[in-house]
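# Reading the structure
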Amino acid sequence: MLYNNTATHIRRELLVKVASLALKGLLKERIDRVPLEMIPKGQPSIRCCIHHDRAVIKYRLLAILGFAMEKETDELRPLSSYAEEALNRSRVDEGPVLTVIDEACSACVQSHYFVTNACRGCVARPCVWNCPKKAIQMINGQARIDGSLCVNCGLCQKVCPYHAIVKVPVPCEEACPVGAISKDSQGKEHIDFSICIYCGKCMNECPFGAIVERSQMLDVIQTLLSGKTLVALVAPAIVGQLPGDYPQLVTALRALGFHKVYEVAQGADETIEHEAKELVERLQGGEPFMTTSCCPAYTRCVEIHVPELKPHISATKSPMLYTAEKARDENPGTLVVFIGPCVAKKEEAIQSGKVDFVLNTEELGALLVAKEIDVPHCEPSTILNTPSDGARSFPIAGKVSQAVAQKVKETVEGIQVRPIVVDGIDRQNLKLLRQVIKTKSEGNLMEVMACQGGCVAGPVTISKPMAAAKKIEDWIQKNTTQKSKTQEMVAIEEKTLVGAR
Amino acid sequence: MKPSKDAKNIHVVICSGTTCFLMGASELFGIEKTIEGSLASRITVEGSPCMNLCKGGSYGKAPFVRVNDTLISTATLPKVIEEIRRQASL
């Protein structure tokens, strides 16, 4: 599904409204009016009626305030009361970062195959012939599937010469690679958080926008307003997500009130360093291969669903954690906020205890809009501590293993790293991961990214993955040219100095 | 890209301020690839810094796109393409 759609727009508009009210100190006073403003009287409703639309907006706001739907006990409790609680809490409620709005879930019909009117009732009838359960009969000149016999194998769909048979899926269940979302007796979807890997795919695929992320945006705003010092850790994927370039974004973040800004690519350099060392040790120790560890949805997926692969995951920490440690060391007592396009990172941050809050791309965008900071209008900041090109390329699939391979090549002789990339965790690739141990693979460094394309295609992104990847590559290119120019100039200067002597 | 003075040329300006970008302008770039070839050669596409149309709400909602002199609010690819086609047929 294209992610630029009505559900996305509503979410972003609400984020901006909440951020704007919170920054003005009007949240508690005004939030009860937001559902009415969003769905005014007299306009055509999206669902059955404006009241249902408004109820769903209320629940969306609840998630934006940081609450899980599952915790609601009194339906009459107004948003203002939740807002008050949210404004006064010191810590975000732990617990799953995803939550399902049952009021928004349309309780889709169980996934099934269906014969449409395009059926011509042909003579050959390959559907009838190929159905292993004899579930198809001809009624009034058209094929009909008996749901009580059908096992959803899909053979009839494949063989129909008129493409008359369609699969009616349940989008969230279809998107979940690990089968963590399913219906209750009412047909509403529930996530089994004991097996969910927080890849965020269900959230994006639900056409009703019923699966939402619990936001920590309000906690960040409150901390900024309280005058406490906050440090921002910016994921390298963010560079491709907003207008303007990274040095301008740094200025924008400082204008928002962040005390300091760290590029998480700095931590990625640490990851490259450690992972290269670890890979060499493991290969020399006779292990056939190692896998990367920077994608938290992947590591959780292995933990729960492919435990046999666990010993092969690198013990190296993720770029976020290295950067967080550095930021904490250099700024004792400050709070640390990670900004990225990922749902699973939020879970990783909570579990690690090293990151205080996580903002996603949309929430950062909403904060900037609410504070009327236009990134392309910001003066570019000077970037010190420039990370390597390889580290800045981390959000593009294939680049992590490439950077590690390059590092090994530069530092150790006689070891050849052959990277393989598993680009995206879907059901098929999950099967592949389960077979990796059994099959002898050509590669000895396996990179796995839960999102196809890498973090540039993360669950909460604003730009299209291709455009985002290109922007990151352009920015790296621009810096390399600048760097080599400075080096050239230094070289020329040195020469001149030598000449002068 | 500079707007051409050729009367047949259709100039598309996409606001790339943070608000418009967040509300979907990011998806509008690449319109040359989406639109039919005969029109693709007639349009010039340009990103603009914030056009200040999002403040106050009197021009509608972001994202904003200008197709020559016509302003489109809540711009989507189909909406912009429709306007380009309309102007091309004038």
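Since this is a predicted model, take the numbers as computed values, not measurements.

### Re empty space enclosed by the protein
All names here are of chain A.
- Taken as a whole and judged by the stated rule, the model has 10 cavities of 30 Å³ or more.
- Approximately 340 Å³ is the volume found for the largest cavity.
- Cys294, Cys295, Pro296, Lys345 and Cys455 are, among the 27 residues lining the largest cavity, the residues nearest its centre.
- Contributions of two or more residues to the lining of the largest cavity are made by helix 12 (264-284), helix 13 (296-305) and helix 14 (319-330).
- For the lining of the largest cavity, the residue count by class is 24 nonpolar, two polar and one charged.
- Taken together, 15 residues form the lining of the second largest cavity, with Arg11, Ile64, Val212, Glu213 and Glu362 sitting closest to its centre.
- Of all the secondary structure elements, the ones that give two or more residues to the lining of the second largest cavity are helix 1 (6-24), helix 4 (50-64), strand 8 (211-213) and helix 16 (361-370).
- Each residue belonging to the lining of the second largest cavity can be placed in one class, and the counts come to eight nonpolar, two polar and five charged.
- Taken domain by domain, the makeup of the lining of the second largest cavity includes at least three residues from each of domain 1 (6-107 + 173-215) and domain 3 (219-483).

### Let's talk about the sheet that holds strand 12 (residues 335-340) of chain A
Residues and elements named next belong to chain A.
- Strand order in the open sheet made by the four strands is 10-9-12-13, with parallel pairing throughout. Sheet topology places strand 10 (260-263) and strand 13 (357-360) at the edges, where each strand pairs with a single neighbour. Within this sheet the neighbouring strands show an average axis-to-axis angle of 25 degrees, counted without direction.
- As paired strands, strand 9 (residues 230-234) and strand 10 are joined by four bridges and run parallel to one another. Paired with valine 234 across the strands is glutamate 263, a residue of strand 10.
- In this fold helix 14 packs onto strand 9, strand 10 and strand 12, with an angle of close to 150 degrees to the strand it touches most, strand 10.
- Running at roughly 80 degrees to strand 13, helix 16 makes contact with strand 12 and strand 13 of the sheet.

### Observations concerning the interface of chain A and chain B
- Contacts between chain A and chain B engage 23 residues on the former and 16 residues on the latter.
- Carbon and sulfur atoms supply 63% of the area that chain A and chain B bury against each other, a total of about 1,600 Å² over both sides.
- In this assembly, chain A and chain B are joined by one salt bridge.
- Two residues, glutamate 13 of chain A and lysine 61 of chain B, come together in a salt bridge whose shortest N-O distance is 2.8 Å.
- The residue makeup of the side of chain A that touches chain B, split by class, is 11 nonpolar, six polar and six charged.

### Some points on the side chain of serine 26 of chain B
- Residue placement: serine 26 of chain B occurs in the loop between helix 1 (18-22) and helix 2 (31-34).
- At 2.8 Å, the side chain of serine 26 of chain B and the backbone oxygen of isoleucine 462 of chain A are in polar contact.
- Filtering out sequence-adjacent residues up to four positions away, serine 26 of chain B remains in contact with Ile462, Ser463 and Lys464 of chain A together with Phe21 of chain B.

### Quick look at the pairing of strand 12 of chain A
All names here are of chain A.
- Burial analysis of strand 12 places six of its six residues in the buried class, which makes it a mostly covered element.
- Where strand 9 lies against strand 12, five bridges are found, and the strand directions are parallel. When the bridges of strand 12 are listed, valine 231 appears paired with valine 336.
- As defined by bridge partners, strand 12 adjoins strand 13 across four bridges and the pair is classed as parallel. Looking across to strand 13, one finds that glycine 340 is bridged to asparagine 360.

### Some remarks on the domain arrangement of chain A
All names here are of chain A.
- Considered domain by domain, chain A is made up of domain 1 (6-107 + 173-215), domain 2 (112-168) and domain 3 (219-483).
- Distance from the C-alpha centre of domain 1 to the C-alpha centre of domain 3: 27 Å.
- Summing the contributions of domain 1 and of domain 3, the shared interface buries around 3,000 Å²; its carbon and sulfur component is 58%.
- The interface formed by domain 1 and domain 3 includes five salt bridges.
- For the salt bridge of arginine 12 with glutamate 362, the shortest nitrogen-to-oxygen distance reads 2.8 Å.
- Connecting domain 1 to domain 3 are 17 residue pairs in polar contact (both at pLDDT 80 or more).
- Listing elements by their share of the side of domain 1 that touches domain 3, those giving two or more residues are helix 1, helix 8 (171-175) and helix 9 (201-205).
- Among the elements that take part in the side of domain 1 that touches domain 3, helix 1 stands out by supplying nine residues, more than any other.

### Describing a negative patch on the surface
All names here are of chain A.
- On the surface, Glu70, Asp74, Glu75 and Asp102 cluster together into a negatively charged patch.
- Structurally, glutamate 70 can be placed in the loop between helix 4 and helix 5 (79-88).
- Relative accessible area serves as the criterion here: at 47%, glutamate 70 is assigned to the partly exposed category.

### Quick notes on the packing of helix 1 of chain A against helix 10 (residues 217-226) of chain A
All names here are of chain A.
- Direction vectors running N to C along helix 1 and helix 10 enclose 25 degrees, while the axes themselves pass 10 Å from each other. Our classification of the angle between helix 1 and helix 10 gives roughly parallel. Relative to helix 10, helix 1 is oriented so that their crossing is right-handed. In contact with Leu15, Val18, Ala19, Ala22 and Leu23 of helix 1, helix 10 contributes Met217, Leu218, Ile221 and Leu225.
- Considering only residue class, the contact of helix 1 with helix 10 consists of nine nonpolar, no polar and no charged.

Calculation criteria
- Residues numbered from 1 in each chain as written.
- Chains lettered and ligands numbered in written order.
- Predicted model: local features only at pLDDT ≥ 70, side-chain atom pairs only at ≥ 80, totals over all residues.
- Heavy atoms only, no water.
- 1 Å grid on protein atoms, 1.4 Å probe; cavity = no way out; pocket = protein on both sides within 12 Å on 5 of 7 lines; lining within 4 Å.
- Points joined across faces, edges and corners; volume = space filled by probe spheres on them.
- Helix = DSSP H or I, 4+ residues; strand = E, 2+ residues; numbered from the N terminus.
- Nonpolar A, V, L, I, M, F, W, Y, C, P; charged D, E, K, R; others polar.
- Domains from an automatic or database assignment.
- Pairing = 2+ DSSP bridges.
- Axes fitted to C-alpha atoms, helices over the stretch in contact; angles between N-to-C directions.
- Contact = heavy atoms within 4.5 Å.
- Buried area = accessible area lost by both parts, 1.4 Å probe.
- Salt bridge = Lys/Arg side-chain N within 4 Å of Asp/Glu carboxyl O.
- Polar contact = N/O pair within 3.5 Å; in protein donor to acceptor, adjacent residues only side chain to side chain.
- Buried < 20%, exposed > 50% of the residue type's maximum accessible area, 1.4 Å probe, protein only.
- Patch = residues over 30% accessible without salt bridge, like charges linked within 9 Å, V, L, I, M, F, W, Y side chains within 5 Å.
- Areas by Shrake-Rupley, 256 points an atom, 1.4 Å probe, with all protein chains shown as cover.
- Lys, Arg positive; Asp, Glu negative; His and termini not counted.
- Charge placed at Lys NZ, Arg CZ, Asp CG, Glu CD.
- Parallel < 35°, antiparallel > 145°, perpendicular 65-115°, else oblique.
- Left-handed = near helix turned anticlockwise from the far one by under 90°.

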